[in-house]
2 protein chains.
Amino acid sequence: MKRSCAAVLALLVGVTAFSQESPSPTMASVLAAADESDWRRVEQRRLLYLVLDRGVVVFELAPSFAPKHVANIERLADRGYWDGLAIVRSQDNYVVQWGDPNAGTPAARPLGDVQSLAPEFFAEASGGFRSIGSTDSYAPQVGFAGGFPAASDGDRSWLTHCYGMLGVGRGTEPDSGSGAQLYVVTGHAPRHLDRNVTLVGRVVHGIERLSSLPRGTGPLGFYEGTDEHVPIRRIRLGSQLPPEERLPLERLRTDTPTFAELVEARRFRREDWFIEPAGSIGVCNVPLPVRQAAE
Amino acid sequence: MKRSCAAVLALLVGVTAFSQESPSPTMASVLAAADESDWRRVEQRRLLYLVLDRGVVVFELAPSFAPKHVANIERLADRGYWDGLAIVRSQDNYVVQWGDPNAGTPAARPLGDVQSLAPEFFAEASGGFRSIGSTDSYAPQVGFAGGFPAASDGDRSWLTHCYGMLGVGRGTEPDSGSGAQLYVVTGHAPRHLDRNVTLVGRVVHGIERLSSLPRGTGPLGFYEGTDEHVPIRRIRLGSQLPPEERLPLERLRTDTPTFAELVEARRFRREDWFIEPAGSIGVCNVPLPVRQAAE
């Protein structure tokens, strides 16, 4: 089958046909030229591991944007709150959500000292926001802050609902979310949720284990019966896990000249396949590379 | 479980809590007030049915943008070209693609009189383009044309790679696509592909049957072995199908005051759940409602 696979590859969409002669940077050439200081090892205490029968999904938490919500999530993970609970919703082109299927009923698992919180939308000061200079449908400026996609109005910065972002489900009242119900964006960025729901991190490993789940057939993609729920084996911080279960993840820093070059290489796609490079890029179209470090 | 499901619903993200007292339009109220003339029945000869073991996916074709490519696709469907071929690629947050796994090899199924074509990116004249007045990362103007998301530079209009759009795979040469390899956008809109690949339609039914497929583990999301390929039972135009297999699909017209109201209702989300309506909307965030007509 080798020959036929090669033939299919030749017909693919968006093939990265990087010409060796070309001096124009591509993402591949920018990453090849990056050095160790362009990468940042994510501390295990900032990584949240969601363990499913189908494998593990790992999130980097964003305490610089949502410190109280992240503290709640750390407390819940620490006590094994989610273990044996379930993914209850998979809405196509929108979100996957999990928590206690009995939430809000007398059968709900107690949250103990974990309280509902007022929203945390904005970083203190600028939060390290750096604009990528792109026009955006939703915000005056867009870019990145501490490795996360973000927006700014010049004074305040906030995280944006790009693919893979992790948020805190809430009810109609703005202060009704605690972190016990979480969702991940698994579709085209629902940016109308920006500054309406608290974002607390993003997926850095294994998102396909969430995005390929069967869609729920109930309203808003909720699974209709408990037999459809996807059981959660456990959710833990990396710092709680035995060393052999930890993933040594590094992500490309977003505050370096290398990252700026990567953004430019994607704004003007130089790979041979492209006829007309866009010359522009949406904040949710910028790849955020993650790799596993050698231990 | 009814009670627990209701409890979960109360905690969901983006719940449509439409207040009966509120005079502000929501998408629900706009659709409720729409009349028959706001909907357009899609002719069966413009619908392409992709039949998989897991169910059917239906596309509306866009001959006003890509007449020659659509003609190729019609010929291929008419002769059953894809029957028994396969979905060969599912790349997370990008595309699902199908065609002949042996394309480009001597074992390839013959294309007969179906030739590769020069790209068809632009509609004749404006193609009926209507701007929604939104800022966009990729184009001077964005809006809709004949039910499809589109962009314009004032003179020419072209289709945009929003979620669910159907495109023609090609190789490095711009004129190497015929329509025999097709892909559907199943992730955040890869708008850098606009004006680089010919778009020929969009999904109007059953996209979850593609978007929830397991991701391919090969480069670019290609399935690594033939055992992973997802077999295609058949692909046909609706006009070729026996009446009992046709779906009587109607889509909301995009050239009416009702549609303009829908866009505004989504630009300013008035549902009680929202704290801060965005006041803006991306072209790929506008819902394009489809319903099944009573026969």
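Above this text is the structure in question.
An account of the accompanying structure is given in this report.

Conventions and cut-offs
Every chain is numbered independently, its residues counted from 1 as its sequence is written. Chain letters and ligand numbers both follow the written order, the letters beginning at A and the numbers at 1. Predicted model: local features are reported for residues with pLDDT of at least 70 only, side-chain atom pairs are reported and counted for 80 or more only, and whole-chain, interface and lining totals are derived from all residues. Only hydrogens and water are set aside when side-chain values are computed; all heavy atoms of the structure are taken into account. Here, two cysteine sulfur atoms that lie within 2.5 Å of each other are counted as a disulfide. Going along the chain from the N terminus, every DSSP run of H or I of four or more residues is numbered as a helix, and every run of E of two or more is numbered as a strand. Type-normalised accessible area, obtained with a 1.4 Å probe on protein chains alone, sets the label of each residue: buried when under 20%, exposed when over 50%, and partly exposed for intermediate values. The contact rule is simple, with two residues in contact once any of their heavy atoms fall within 4.5 Å. For any pair of parts, buried area is found by adding up, for both, the accessible area (1.4 Å probe) each one loses once the two are put together. Salt-bridge detection follows one rule: a side-chain nitrogen of Lys or Arg within 4 Å of a carboxyl oxygen of Asp or Glu. Of the grid points, spaced at 1 Å and generated over the protein atoms alone, those admitting a 1.4 Å probe that cannot get out make up cavities, while open sets with protein on both sides within 12 Å along at least five of seven lines make up pockets; any residue with an atom within 4 Å of a point is treated as lining. Grid points are joined across faces, edges and corners, and a volume is the space filled by probe spheres set on the points. Ten residues, namely Ala, Val, Leu, Ile, Met, Phe, Trp, Tyr, Cys and Pro, are considered nonpolar, four, namely Asp, Glu, Lys and Arg, are considered charged, and the remaining ones, Gly among them, are considered polar. Each Phe, Tyr or Trp ring (for Trp, its six-membered ring) is paired with any other whose centre lies within 6.5 Å, and the angle between the two planes then decides the class: stacked below 30 degrees, edge-to-face above 60, tilted in between. Cation placement over rings: the criterion is NZ of Lys or CZ of Arg within 6 Å of the ring centroid and within 35° of the ring normal.

Quick look at the state of the cysteines
Residue and element names in this part refer to chain A.
Piece 1. For the structure shown, the criterion picks out 2 disulfides over all chains.
Piece 2. Here Cys162 pairs with Cys284 through a disulfide, and the sulfurs are 2.0 Å apart. Linking Cys162 and Cys284, the disulfide has an S-S dihedral of approximately -75° and is accordingly described as left-handed. Taken together, the positions of Cys162 in the loop between β9 (157-159) and β10 (165-168) and Cys284 in the loop between α5 (257-267) and β15 (290-292) put the pair 122 residues apart, joining distant regions of the chain.
Piece 3. For Cys162, a relative accessible area of 5% gives the class buried.

Some points on the interface of chain B and chain A
Piece 1. With 73 residues of chain B in contact, the opposing surface of chain A contributes 73 residues.
Piece 2. For the pair chain B and chain A, the summed buried area comes to about 6,200 Å², and 60% of that belongs to carbon and sulfur atoms.
Piece 3. At the surface where chain B touches chain A, the tally comes to 2 salt bridges.
Piece 4. For Glu276 of chain B, the salt bridge identified is with Arg195 of chain A, shortest N-O distance 3.6 Å.

Structural notes on empty space enclosed by the protein
Gaps between atoms show up when a probe of the same size as a water molecule is rolled over them.
Piece 1. As enumerated under the stated definition, the model contains 8 cavities of 30 Å³ or more in all.
Piece 2. For the largest cavity, the calculated volume is near 230 Å³.
Piece 3. Surrounding the largest cavity, 20 residues form its lining, Ser137, His188 and Asn285 of chain A together with Ser137 and His188 of chain B being those nearest its centre.
Piece 4. A breakdown of the residues in the lining of the largest cavity according to their chemical character gives 8 nonpolar, 8 polar and 4 charged.

A closer look at the packing of aromatic side chains
Piece 1. What the rule picks out here adds up to 12 aromatic pairs over all chains.
Piece 2. Note on Phe121 of chain A and Phe122 of chain A: the rings are 6.3 Å apart at their centroids and 85° apart in plane angle, and the pair reads as edge-to-face.
Piece 3. With centroids separated by 4.9 Å and ring planes inclined at 85°, the aromatic side chains of Trp273 of chain B and Phe274 of chain B adopt a geometry described as edge-to-face. Side by side, Trp273 of chain B and Phe274 of chain B carry an identical accessibility label, which is buried.
Piece 4. Through successive ring pairs, a cluster of aromatic residues spans Phe121, Phe122 and Trp158 of chain A.
Piece 5. The cationic tip of Arg156 of chain B hangs over the ring face of Phe122 of chain B; the distance from NZ or CZ to the ring centre is 4.1 Å.

Overview of the environment of Pro243 of chain A
Piece 1. Here Pro243 of chain A is to be found in the loop between β13 (230-237) and β14 (249-252).
Piece 2. Sequence separation of Pro243 of chain A and Gln44 of chain A is 199 residues, and the distance between their C-alpha atoms is 9.9 Å.

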